[in-house]
Amino acid sequence: MGSILNPYISFPGNARQAMEFYQEVFGGELTVNTYGEFGQQEAGGGADKIMHSMLSTTAGFTLMAADNPAGTEQTTGSNISVSVSGEDEGELRRYWEKLSSGGTVLVPLEKQMWGDVFGMCTDRFGVTWLLNINQPRS
């Protein structure tokens, strides 16, 4: 197997909720490890925060996330977005419906000038998602 590139998202304390949400969206197996499990008993109840989590799906997606360690600042910005593309229109539309629900639609999921169906939304956890449904090329 060659190298693998996986998105790794930091959260300000709600990584567990976000990853459980993404598991509802994409399915798959979710593993979660807390700071406390690794002996880091942080002040303010941080032992139950997520040190590392990984969602692995049957579609081949791997998404990783963690809560910021105590004492570090979370800055939500526009420096990362997650793109999902493919040809299974039904599957991608289901992802879109779940990801955009409770979030903000930035670009509606519709046919674009390059011929594919594309949409962009920010989910309820502040993560921006780009979905592209590839159309057959002649």
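Residues numbered from 1 in each chain as written. Predicted model: local features only at pLDDT ≥ 70, side-chain atom pairs only at ≥ 80, totals over all residues. Heavy atoms only, no water.

A. Summary view of the environment of Val-82. Mapped onto the elements, Val-82 comes out in strand 5 (residues 81-86). Spatially, the C-alpha atom of Val-82 lies 16 Å from that of Arg-94, the residues being twelve residues apart in sequence. In contact with Val-82, not counting residues within four places along its chain, are Pro-7, Ile-9, Val-127, Thr-128, Trp-129 and Leu-130. (Helix = DSSP H or I, 4+ residues; strand = E, 2+ residues; numbered from the N terminus. Contact = heavy atoms within 4.5 Å.)

B. How the structure looks around the sheet that holds strand 4 (residues 62-67). The strand order 1-4-3-2 describes an open sheet built from four strands, whose pairing is mixed. This sheet does not close on itself; its edge strands, each paired only once, are strand 1 (8-11) and strand 2 (29-34). Strand-to-strand twist across the sheet, computed as the mean angle between neighbouring axes with direction ignored, equals 15 degrees. Sheet topology note: the strand 3 (residues 50-56)/strand 4 ladder contains four bridges and is antiparallel. (Pairing = 2+ DSSP bridges. Axes fitted to C-alpha atoms, helices over the stretch in contact; angles between N-to-C directions.)

C. Main features of the pattern of salt bridges. The full count for this structure, using the stated rule, is one salt bridge. Across the salt bridge formed by Arg-93 and Glu-89, the nearest N and O atoms sit 2.9 Å from each other. Of this pair, Arg-93 and Glu-89 both sit in helix 2 (residues 89-100), separated by four residues, roughly a single helical turn. Judged by its relative accessible area of 33%, Arg-93 falls in the partly exposed class. (Salt bridge = Lys/Arg side-chain N within 4 Å of Asp/Glu carboxyl O. Buried < 20%, exposed > 50% of the residue type's maximum accessible area, 1.4 Å probe, protein only.)

Geometric descriptors of this kind do not, in isolation, establish any biological role.
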